[in-house]
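The chain contents come next:
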Amino acid sequence: MATLTNSSPPYDTLLTGGDLIDGTGHRAYKADLAIKGERIAAIGDLKNVRVREAIDITGQCVAPGFIDTHTHDDQACMSVVHMEPKVSQGVTTVVVGNCGVSLAPLDLPATLPEPINLLGSRFDFRYKNFRSYFDAVASSNPSTNVVALIGHSSLRVAAMQDVDRVAQPGEIDTMVQMVDEAMKAGASGLSSGVFYPIGSAADNSEIIPLVQKTAEHGGIYASHMRNEHDDVIDAMDEVFEAARRGGSPLLISHHKCAGARNWGRSRETLELLDSVRKSQDVSVDMYPYDAASSVLDPELIDEATPVLITWSTPHPEVSGRYLSEIAQEWDCSNSDAARKVCPAGACYFFMSEDDIERIIQHPSAMIGSDGLPMDQHPHPRLWGTFPRVIRKYALERGLFSIEEAIRKMTSLPAHRFDLHDRGTLRQGNYADLVVFDPATIADRATYENPKQTAAGVNFVFVNGGLSWENNTRTSTNYGLLLRHE
């Protein structure tokens, strides 16, 4: 990096000699890029301009900052404001409030049912409405931009005394009012997670009015479906109906075909997806790993599927160990060991690489890490998702071009979440940028050692501010709360 001494330079930062991947899927091209304040000020041959700082990035690529469509950073964006797991891999915007779980509107619930406890302790839930939550995020000054969804399960806990049944009309009305308040405050949509017990009693008669209110404000409906195993097709039909009757675009969260009996069924699910997309606005997100991660459910345990414990309340010492090893040590079955360590979190190795490759190539597929930042021993996707897509699936497997990989992480999610002036390299857009070396970029986080920064991500700018430089985070945070308008 060189500092130039010309008086009154028109630009703050100049990236010279790099290959620009603009986020649209078009081929990379060589050009310089200048930043002024929060925006991309110029793109082209800029070798003679005046600038405060110039960075020679010859041999490296410049892309829009990555947009993580599926996170659980609701509390982390305030309590761990440097957001190193995300910024270090080139992520400049996170979408929180997924799987039906959001930090608001909940004010000190007596207990935290699963999976709401994945976000933090009960004392982290102190926001009676979304406006107060947004005020807290904005004042915390996070390192990444934050986009927020309203969690259906959180609404249920706030509005119902008993979540083990379908909501009554008055309770639905209360939830609709909460959605209206959240959308007016700037939420980007609604998420559901009827896979989990806290939301499983709800049916579309409860969810559709919430989707309708979301749609009135131009929001999106994102769903962790009821079933990603044997009944995945029925679950897809259920969310298609909710989005269609609610009048909202649909995002199917972390699409997968789980369990060995369902390996290969992505052919079937994607065929159905393509058919529905002819009449509905539907897309999916996914993460590039063959293991899921969530709360530990003993009902999902068998003796064949490897399960890695990520945290345990009664037995914190087993974090980072495989359930089969624990069961052997305790001289019991995997299921019994699972019950003994609960409440707990786990990585479940029940996906097929063939299905992952088929889904990630779908033109509507975006990338979401689904990382759990509060886990003691997290899934490696928290730290490695985006470089892994580039290294493994674009450069090594050749499933698509590096330009297409970048599109899935930038312009596609920017369009999906109505993030104006983001997601592409264009003069006047916000300067959310990642500079990486295509020869060395790679994920280094593993299941055994998950808290590892990626290789080859050399510079990250958030709203024009340098947030990551040569494997080191900077001392200033530049992220913004991005309210839906």
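Before reading on, note that the structure itself is shown above.
The rules behind each value
- Every chain is numbered on its own, with residues counted from 1 as its sequence reads.
- In keeping with the predicted nature of the model, local features appear solely for residues at pLDDT of at least 70, side-chain atom pairs appear and are counted solely at 80 or more, and the whole-chain, interface and lining totals rest on all residues.
- Hydrogens and water molecules were not included; the side-chain quantities draw on all heavy atoms of the structure.
- Secondary structure elements follow DSSP: runs of H or I no shorter than four residues count as helices, runs of E no shorter than two count as strands, and numbering proceeds from the N terminus.
- Contact definition: two residues touch when any of their heavy atoms are within 4.5 Å.
- For every residue, the accessible area obtained with a 1.4 Å probe (protein chains only) is divided by the maximum for its type, and the residue is called buried under 20%, exposed over 50%, and partly exposed between those limits.
- The set of buried Ala, Val, Leu, Ile, Met, Phe, Trp, Tyr and Cys residues whose side-chain atoms join them within 4.5 Å is what this entry labels a nonpolar core.
- Strand pairing is defined by DSSP finding a minimum of two bridges between the two strands.
- The axes used here are C-alpha line fits, helices contributing only the stretch in contact, and every angle between their N-to-C directions lies in the interval 0 to 180 degrees.
- Any Lys or Arg side-chain nitrogen located within 4 Å of an Asp or Glu carboxyl oxygen qualifies as a salt bridge.

Undergrad: Mind showing me how you'd approach the environment of G246 here?
TA: As for its placement among the helices and strands, G246 is situated in helix 8 (residues 232-246). When the C-alpha atoms of G246 and I207 are compared, they prove to be 8.6 Å apart, with 39 residues separating the residues in sequence. Discounting residues that sit within four places of it in the chain, G246 has contacts with I208, V211, Q212, A215 and E241.

Undergrad: Help me understand the side chain of H255 in this model?
TA: On the secondary structure map, H255 appears in the loop between strand 16 (250-252) and helix 9 (266-276). On the basis of relative accessibility, which here comes to 5%, the residue H255 falls in the buried class. Ignoring any residue separated from it by four or fewer positions in sequence, one finds H255 in contact with M225, V232, M236, T269, L270, V284, D285, M286 and I359.

Undergrad: When you look at the nonpolar core in this model, what are you seeing that I'm missing?
TA: Side chains that are nonpolar tend, in soluble globular proteins, to be buried together. Counting 101 residues, the largest nonpolar core has F130, Y133, I150, M236, I252 and F436 as its most contacted members. In contact with M236, not counting residues within four places along its chain, are M225, I252, H255, T269, L272 and L273. In this structure, A291, I309, A346 and C347 belong to the second largest nonpolar core, which totals 25 residues.

Undergrad: Where do I start with the sheet that holds strand 23 (residues 457-462) in this structure?
TA: Strands in a sheet are paired, the pairing made by backbone hydrogen bonds, and the direction either parallel or antiparallel. Pairing in this open sheet of six strands is mixed, and the strands run 4-3-8-22-23-24 from one edge to the other. On the outer flanks of this sheet lie strand 4 (29-30) and strand 24 (465-469), each paired with one strand and no other. When strand 22 (residues 433-436) meets strand 23, the two strands line up antiparallel, connected through four bridges. Residue pairing for strand 23: V435 is matched across the bridge by F459.

Undergrad: Can you walk me through the sheet that holds strand 17 (residues 282-286) in this structure?
TA: One open sheet accounts for eight strands, arranged 9-10-13-14-15-16-17-21; its pairing is parallel. The strands lining the two open edges of the sheet, one partner per strand, are strand 9 (66-68) and strand 21 (365-367). Neighbour to neighbour, the strand axes of the sheet diverge by 30 degrees on average, direction disregarded. Where strand 9 and strand 10 (residues 91-96) come together, three bridges link them in parallel fashion. When the bridges of strand 10 are listed, I67 appears paired with T93. Packed onto the sheet, helix 8 meets strand 15 (220-224), strand 16 and strand 17 and runs at close to 160 degrees relative to strand 16.

Undergrad: Can you help me understand the pattern of salt bridges in this one?
TA: Where side chains of opposite charge bring their charged atoms close, a pairing between them can arise. Considering all chains together, one arrives at 30 salt bridges under this definition. Among the ionic pairs, D68 bridges to K86, the shortest N-O distance being 3.3 Å. Taken together, the residues span a long stretch of sequence, with D68 in strand 9 and K86 in helix 2 (residues 84-87) at a distance of 18 residues. Of the two residues, D68 and K86, both sit in the buried class. Notably, a salt bridge pairs E241 with R245, separated by 3.2 Å at the nearest N-O pair. Taken together, the residues span about one helical turn, with E241 and R245 both in helix 8 at a distance of four residues. Through salt bridges that share partners, R39, D421 and R426 make up one connected network.

Take it as geometry only, folks, not as evidence of what the structure does.
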